[in-house]
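As a plain string of letters, each chain reads:
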Amino acid sequence: MKKTIIVSLSVIALGVFMAFTPANNATKKATITLHPDQVENVIPDEIYGQFAEHLGAGIYGGIWVGKDSPIPNTNGYRNDVLAALRELKVPVMRWPGGCFADYYHWKDGIGAKREKIVNSSWGGTVENNSFGTHEFLDLCELLGCEPYISGNVGSGSVQELAEWVMYMTAEEGNMADLRKANGREKPWKVKYLGMGNEAWGCGGQMTPQYYADNYRRYAEYCRNYGDNQLFKIASGASDYDYDWTEVMMKGIGGSRMQAVSLHYYSVTDWNTSKGSATNFDDEQYYKYVSKALGIEPVIQKHIAIMDEADPEGQVKLFVDEWGTWWDVEPGTNPGHLFQQNTMRDAIIASTSLDIFHKYTDRILMTNIAQMVNVLQAMILTKDDQMVKTPTFYVYKMYNAHRGNKYVPAEVKSDIMKGADDKLANVYSISSTSSLSDKGKLTISVTNIDLANDVEVTVSLADKGKNFSAEILGCTQVADHNTFEAPNTVETKSFNDFKVSGENLVFTIPAHSIVTFVEK
């Protein structure tokens, strides 16, 4: 496969701006040189995928409250959450897990009478199974997004998963009759089907070869019905397990597997505290941003293995779990993974998306963990209240890149932290640019620097003249939105820029993100 990626490093500068007060008034300088003549890869909508697991209040209370709830809802779905998800234009949603997927038996969640279960994967919560196949797929229809089903390989059977596919997608047959008896006449469209989750861990503690053999068996019997065409995904590696990817590519093969997954979290130590979501110093900030940026060499190594086995690029890479993972908020169930979300999370989101955009010849989908109330969530809820997190606003800002062609660029800015083992170099500026079918530019720029504004000069190569822009920023990088103060971190109009000749020049405040969209 052909790939053109230009990203280099070096200088930077900036000043005070708008309502955001930087740590000091020092201004550095940076340059971004666009190469629109080298555009090749399209940024798929699915890069902005979401993930909703039965975990804490990720489903119950977060998305689903039931039709009889006093919380305003539409057929049991929270109205406020529906509106927020529509605002994000969610392209694809992964469900029911995660680790829960290999514990979930789909027939427990259909029909009028549903048995309670204990979610032993996450916190021992008792769930009434009122949110099941119908509720998930109907939600996807309400939002206009593609469903991504994670099947149970760990504790399920080939027959169980094969019958689930029939139940969802077949026009006729005993499973279709069961679906119709439960109130759904027409089959749903289900494109993405994952064969288990983290088979090396909570999905069955399997060796790669054992899982590859099992995958072939499951994939054989999960078949296409009518005009529904399944896109089958193998459970992939955790970050640095390159052997797993190699075995999947050689042991399964492209005709049976359309994608293989990869999971990566910005955790530096799984055995001790992961750090507070809101209480951190400058060193911790740069350390975790560095770990998040460390996904790029990991992606490169997995892609190199895939390129060797599949030079035509037929098998895609799904980064279907990624994001921040902090210690849970004090007083909450440790198994519910509820954490706050600050401007630091927003910066990790934007810089990660900048990386994903470079590799869309192989990466077709990513799914941030998770959508509501869990880990790096878009949305937090409490009773009848809802807040949008800083990460929500990153996704909304970056929507402008969806469907555009990625524009390679050379970025030069100061180094903030040097690489160390699994920690990547951190430069003050990260950026991504794209070009629409109409030839209009979208440019997103993140200032990672905690202390300094940066004066950025973007060489447009005669491609952009008239822009609108918005900024996401705050006074302190630990600022976040709460139920008491829901608008502390949100986007605002940004007008402090000029186009001079072929250059776009602006000053971006410390720890902030700006997106320009050509009119």
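Refer to the preceding data block for the structure.
Fair warning: this is a prediction, and the values are worked out from it, not measured in the lab. Within every chain, residues take consecutive numbers counted from 1 along the sequence as written. With pLDDT at 70 or above as the cut-off, local features in this predicted model cover only qualifying residues; side-chain atom pairs require 80 or more to be listed or tallied, and sums for whole chains, interfaces and linings still use all residues. Remark: hydrogens and water are excluded; side-chain values derive from all non-hydrogen atoms of the structure.

S.K.: Help me understand the packing of helix H7 (residues 282–293) against helix H8 (residues 295–309), please; the structure alone is not making it clear to me.
M.R.: The relative placement of two packed helices is expressed as an angle between their axes plus a distance between the axes. As a packed pair, H7 and H8 sit with axes 5 Å apart at the nearest point and diverge in direction by 15°. Here H8 runs roughly parallel to H7, going by the angle between their axes. Residues Lys 291, Ala 292 and Leu 293 of H7 pack against Ile 295, Glu 296 and Pro 297 of H8. All amino acids are sorted into three groups, where Ala, Val, Leu, Ile, Met, Phe, Trp, Tyr, Cys and Pro are nonpolar, Asp, Glu, Lys and Arg are charged, and the leftover types, Gly among them, are polar. A class-by-class count of the residues in the contact of H7 with H8 yields four nonpolar, no polar and two charged. Convention adopted: a line fitted to C-alpha atoms gives each axis, helices being fitted over their contacting stretch, and angles between N-to-C directions are expressed from 0 to 180 degrees. Here a helix means four or more residues in a row that DSSP labels H or I, a strand means two or more in a row labelled E, and each is numbered from the N terminus. Should an angle fall under 35 degrees it is taken as roughly parallel, and over 145 as roughly antiparallel, whereas 65 to 115 is taken as roughly perpendicular and any remaining angle as oblique. The contact criterion used throughout is that any non-hydrogen atoms of two residues lie within 4.5 Å.

S.K.: Explain the sheet that holds strand S16 (residues 405–406) to me, please; I cannot follow it from the model alone.
M.R.: Backbone-to-backbone hydrogen bonds pair the strands of a sheet. The strands run either parallel or antiparallel. The six strands are arranged S16-S20-S21-S27-S23-S24 in an open sheet whose pairing can be described as antiparallel. Looking at strand neighbours, the two that pair on one side only are S16 and strand S24 (491–493), the edges of this open sheet. Pairing analysis gives six bridges linking strand S21 (residues 441–447) to strand S27 (residues 512–518), with the strands arranged antiparallel. Along S27, the bridge assignment pairs Ile 443 with Phe 516. Strands were regarded as paired on the criterion that DSSP finds at least two bridges between them.

S.K.: Even after reading the chapter, I still don't get the state of the cysteines, so can you show me in this structure?
M.R.: Cysteine pairs can be covalently joined through their sulfur atoms, and such a bond is termed a disulfide. The term disulfide is used for any two cysteine sulfur atoms that are within 2.5 Å. In total, this model carries one disulfide according to the counting rule given. Left unpaired, Cys 145 is separated from the closest cysteine sulfur, that of Cys 140, by 3.8 Å. Partly exposed residues are those whose accessible area sits between 20% and 50% of the maximum for their type, while under 20% is buried and over 50% is exposed, using a 1.4 Å probe and protein chains only. You can call Cys 145 buried: its relative accessible area is 8%.

S.K.: Would you explain a nonpolar patch on the surface in this entry?
M.R.: On the surface, a cluster of nonpolar side chains totalling about 250 Å² of accessible area is made up of Tyr 103, Val 118 and Val 126. Along the chain, Tyr 103 turns up in the loop between strand S5 (92–95) and strand S6 (117–119). Note that patches include only residues with greater than 30% relative accessible area and no salt bridge, and the join distances are 9 Å for like charges and 5 Å for nonpolar side chains (Val, Leu, Ile, Met, Phe, Trp, Tyr). Computed by Shrake-Rupley with a 1.4 Å probe, the accessible areas treat only the displayed protein chains as cover when residues are assessed. What makes a salt bridge here is a side-chain nitrogen of Lys or Arg within 4 Å of a carboxyl oxygen of Asp or Glu, nothing more.

S.K.: It is not clear to me how unusual backbone geometry should be interpreted in this structure. Could you clarify?
M.R.: Among all residues except glycine, the phi angle is most often negative; among peptide bonds, the trans geometry is most common. In the segment running from Trp 95 into Pro 96, the intervening peptide bond is cis, with an omega of 5°. Counting through the fold element by element, Pro 96 comes out in the loop between S5 and S6. Unusually for a residue other than glycine, Lys 89 sits at a positive phi of about 55°. Tracing the backbone through its elements, the reader meets Lys 89 in the loop between helix H1 (79–88) and S5. Phi angles above zero are rare outside glycine, and Glu 198 is one such case at about 45°. Among the secondary structure elements, Glu 198 is positioned in the loop between strand S9 (192–195) and helix H5 (208–221).

S.K.: What exactly am I supposed to notice about the pairing of strand S23 (residues 467–472) here?
M.R.: The side chains of a regular strand alternate between the sheet's two faces. Note that S23 and S27 share six bridges and pair antiparallel. For Ser 468, the partnering residue across the bridge sits in S27 and is Val 517. The pairing of S23 with S24 spans three bridges and is antiparallel. Residue pairing in the sheet places Ile 471 in a bridge with Lys 492 of S24.

S.K.: What's the story with the packing of aromatic side chains in this structure? I'm lost.
M.R.: Geometry of an aromatic ring pair is reported as the spacing of the ring centres plus the angle between the planes. Ring pairs are drawn from Phe, Tyr and Trp, using the six-membered ring of Trp, whenever the two centres fall within 6.5 Å, and their geometry is named by plane angle: stacked under 30 degrees, edge-to-face over 60, tilted for the rest. Under the defined criterion, the tally for this structure stands at 33 aromatic pairs. With 5.9 Å between their ring centres and 90° between their planes, Tyr 48 and Tyr 395 make a pair best called edge-to-face. Residue Tyr 48 is found in the loop between strand S1 (27–34) and strand S2 (50–51), and its partner Tyr 395 is found in helix H10 (residues 390–398); the two are separated by 347 residues along the sequence. One exposure class covers both Tyr 48 and Tyr 395, and it is buried.

S.K.: Is there a simple way to explain the sheet that holds strand S17 (residues 409–412) in this structure?
M.R.: Reading across the sheet, the five strands line up as S17-S1-S22-S26-S25 and stay open at both edges, with mixed pairing between neighbours. Of all the strands in the sheet, the pair left with one neighbour each is S17 and strand S25 (497–500). Taking the axes of each pair of neighbouring strands and ignoring which way they run, one obtains an average angle of 15° across the sheet. Strand direction decides the pairing type here: S25 and strand S26 (residues 503–508), joined by four bridges, are antiparallel.

S.K.: Just to check I follow, could you spell out the packing of H8 against helix H9 (residues 343–358) for this structure?
M.R.: Following both chains from N to C, one finds H8 and H9 inclined at 20°, their axes separated by 10 Å at the closest point. Classified by the interaxial angle, the pair formed by H8 and H9 is roughly parallel. Seen along the crossing, H8 lies across H9 with a hand that is right-handed. Taken together, the residues of H9 that come into contact with H8 (itself represented by Ile 295, Glu 296 and Ile 299) are Ile 355, Phe 356 and Lys 358. Its residues assigned to classes, the contact of H8 with H9 comprises four nonpolar, no polar and two charged. By convention the crossing between two helices is left-handed if the near helix lies anticlockwise of the far one by an angle smaller than a right angle, and right-handed if it lies clockwise.

S.K.: Can you help me understand helix H3 (residues 158–169) in this one?
M.R.: In an α-helix there are 3.6 residues to a turn, and that puts residues three or four apart on one side. The first and last C-alpha atoms of H3 sit 17 Å apart over 12 residues, in line with the 16 Å expected at 1.5 Å per residue. Among the 12 residues that make up H3, 10 are buried, leaving the element largely enclosed by the rest of the structure. For H3, the set of buried residues is Val 158, Glu 160, Leu 161, Ala 162, Glu 163, Trp 164, Val 165, Tyr 167, Met 168 and Thr 169. Summarising the contacts, the buried residues of H3 are in contact with S5, helix H2 (133–143), strand S8 (146–151), helix H4 (174–181), S9 and H5. In a helix, the anticipated span is given by 1.5 Å times the number of residues less one.

S.K.: Help me understand the side chain of Asp 320, please; the structure alone is not making it clear to me.
M.R.: Among the structural elements, Asp 320 can be located in strand S12 (residues 316–323). Aside from chain neighbours lying at most four places away, what touches Asp 320 is Phe 51, Arg 94, Tyr 148, Ser 261, Leu 262, His 263 and Asn 367.

S.K.: How should the side chain of Thr 245 be read in this particular structure?
M.R.: Of note, Thr 245 is situated in helix H6 (residues 242–251). The residues contacting Thr 245, other than those within four sequence positions of it, are Ala 237, His 302, Ile 305 and Met 306.

Read these as layout, nothing more, since geometry by itself doesn't imply function.
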